[in-house]
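# Examining the three-dimensional arrangement
Residues per chain, in single letters:
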Amino acid sequence: MQHRIFIAILMFKFTIEGSVAITKDQVKEIKKDIVELIEANRDPKDGALHFIPGFVRVAFHDCVGGCDGCLNHSDENNAGLSVYVGPLETIYLKYKTLLSRADFWQLAGITAIERSVEKCKDCIKPDLPFETGRKDCKDSPNYTGDPRSFPMNAGHGDINNALTFMEEAFGLPRNEPELATALIGAHTLGEAHREHSGWEGIWTETPDQLSNRYYKSLVKQKWSQINLNQGDPRKDPVWQWQPGKKLTTTKARYLKKRKEKIMMLNTDMAFAKKLSPDATGEAICKVSSKCKAQPETAEWVLKYANDAKLWEKNFAIAYMRMIRTGYKDGDLTLVK
Ligand code: HEM
């Protein structure tokens, strides 16, 4: 009898692929390793935990086209992600018999978000349960299939690009703009790197804390659009937004203090304002106070600036939808 019970338990523990189902304690252990990796890479200069936003961005990019543990590092949209994927791999190799890389990258994103809200009074604490069952693509961790569709960088500034992308990629419907607006708030974390995307700066002064400061800043600041390549006729313009009414050049801005690095991408600004950009991303209005409100999403930017709990709820819905991309009900199993 005992023997039969033992076999039944063993069978239960094996998934259809033959790998052992992961337990809650094992997930805890992996999360601990991920947090240690985040802490070990603390910025010695200003103390920022750059791996927090990095892991969230890996989680996001992996889910474009289906969360499958695969990234094409030669796609310029993924530039810079190898900085985070490389160190993550050292942990993954320890646990690879327990979970797919696709699950592991999502666990890293969830763990990063959980770490980002520790010791932070005004952070949200979205409920992001960890589910397993994602499958890796055949060349994981690399991706060699057809190009995946990211929001066009040059399209930054056209809200249609951003909302269509969120709908097609993650099923955040156009008629529920509160979800796409909630998800873009992930930009409260992290920074843009000139050498990776062409843009530069941080969205908030606390780039490793998931607070609603991003929305507050969008609403309260006056912003002006600048061309980072201003004065260099050989280079295409690169438009982003800086706080203040005065238009200054990059050289004047890129100083050491965090406050001086604050910026918004055209995409971020487009959630608040109607930019009607031209093909280069140059907005029709150069100072945010002169731009009209974006009809679909501006009200949500304002709501999230004033109501962090509401953002917390909608962020959790949108984020969970993102990290289930490519899977149907019943494909993923909650680790209890
Ligand atoms: C229309 C959609 C989006 C656009 C156009 C966009 C664009 C960008 C760009 C250009 C960067 C800078 C990359 C670099 O230079 O290193 C960035 C960074 C980032 N994005 Fe987005 N993003 C979008 C949506 C999202 C979503 C849905 C998430 C997560 C849920 C996200 C999370 C992040 C994070 C955390 C960073 C900082 C990465 C770091 O610090 O290394 N983004 N995004």
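The rules we used
Residues numbered from 1 in each chain as written. Predicted model: local features only at pLDDT ≥ 70, side-chain atom pairs only at ≥ 80, totals over all residues. Domains from an automatic or database assignment. Contact = placed C-beta atoms within 7 Å. Helix = DSSP H or I, 4+ residues; strand = E, 2+ residues; numbered from the N terminus. Nonpolar A, V, L, I, M, F, W, Y, C, P; charged D, E, K, R; others polar. Near = placed C-beta within 6 Å. Axes fitted to C-alpha atoms, helices over the stretch in contact; angles between N-to-C directions. Parallel < 35°, antiparallel > 145°, perpendicular 65-115°, else oblique. Left-handed = near helix turned anticlockwise from the far one by under 90°. Buried ≥ 20, exposed ≤ 12 C-beta atoms within 10 Å, placed from the backbone. pLDDT = per-residue confidence, 0-100. Pairing = 2+ DSSP bridges. Core = buried A, V, L, I, M, F, W, Y, C linked by C-beta atoms within 7 Å.

Moving on: the domain arrangement of the protein. When the domains of the protein are assigned, the result is domain 1 (2-149 + 326-334) and domain 2 (159-316). For domain 1 versus domain 2, the distance between C-alpha centres works out to 27 Å. Tallying the contact residues gives 22 residues for domain 1 and 20 residues for domain 2. Looking at the side of domain 1 that touches domain 2, the elements that each hand over two or more residues are helix 3 (51-63) and helix 5 (101-116). Per-element accounting of the side of domain 1 that touches domain 2 gives the leading share, five residues, to helix 3. A class-by-class count of the residues in the side of domain 1 that touches domain 2 yields 15 nonpolar, two polar and five charged.

What follows covers the site of the ligand. Taken together, 24 residues sit near the ligand, with P53, A186, G190, A192 and S197 positioned nearest. For the shell around the ligand, the secondary-structure elements that each account for two or more residues are helix 3, helix 6 (159-170), helix 7 (177-184) and strand 2 (191-192). With five residues, the single largest contributor to the shell around the ligand is helix 3. Each of two domains, domain 1 (2-149 + 326-334) and domain 2 (159-316), supplies a minimum of three residues to the shell around the ligand.

It is worth spelling out the packing of helix 2 (residues 24-40) against helix 5 at this point. At their nearest, the axes of helix 2 and helix 5 sit 10 Å apart, and the two run at 65° to each other. Accordingly, the angle class assigned to the pair helix 2 and helix 5 is roughly perpendicular. Helix 2 and helix 5 meet at a crossing whose hand is right-handed. Across from V27, I30, K31, I34, V35 and I38 in helix 2, the residues of helix 5 making contact are L107, A108, T111, A112 and R115. Across the contact of helix 2 with helix 5, the residue classes break down as eight nonpolar, one polar and two charged.

With that settled, the discussion passes to helix 7. Among the eight residues of helix 7, eight are classified as buried, and the element is accordingly described as predominantly covered. Of all the residues in helix 7, the buried ones are P177, E178, L179, A180, T181, A182, L183 and I184.

The next subject is the environment of M263. Along the chain, M263 falls in the loop between helix 9 (250-253) and strand 6 (264-265). Counting along the chain gives 45 residues from M263 to L218, while the straight-line C-alpha distance between them is 9.8 Å. Setting aside its immediate chain neighbours within four residues, M263 contacts G201, Q240, W241 and Q242.

Detailed reading of predicted coordinates is not advised where the pLDDT is low. Per-residue confidence for the protein gives a mean pLDDT of 90, with 89% of residues at or over 70. Per-residue pLDDT stays below 50 along residues 5-18; that stretch engages in four contacts with residues further than four places along the chain or on separate chains. Predicted confidence is poor over residues 251-255, with pLDDT under 50, and the contacts of this stretch with residues over four places away or in other chains come to five contacts. Under the prediction, the complex receives an ipTM of 0.99, its pTM being 0.93.

In this section: the sheet that holds strand 5 (residues 239-243). As summarised here, the arrangement of the three strands in space is 4-5-6, forming an open sheet in which the pairing is antiparallel. Lying at the two open borders of the sheet, with one neighbouring strand each, are strand 4 (223-227) and strand 6. Note: strand 5 against strand 6, two bridges, orientation antiparallel. Across the sheet, the residue bridging to W241 is M264, located in strand 6.

F55, V56, A59, A108, L183 and V301 are the most contacted members of the largest nonpolar core, which has 85 residues in total. In terms of domain composition, this core takes at least three residues from each of domain 1 (2-149 + 326-334) and domain 2 (159-316). Once residues within four sequence positions are removed from consideration, V56 is found in contact with G109, A112, I113, A186 and L189.

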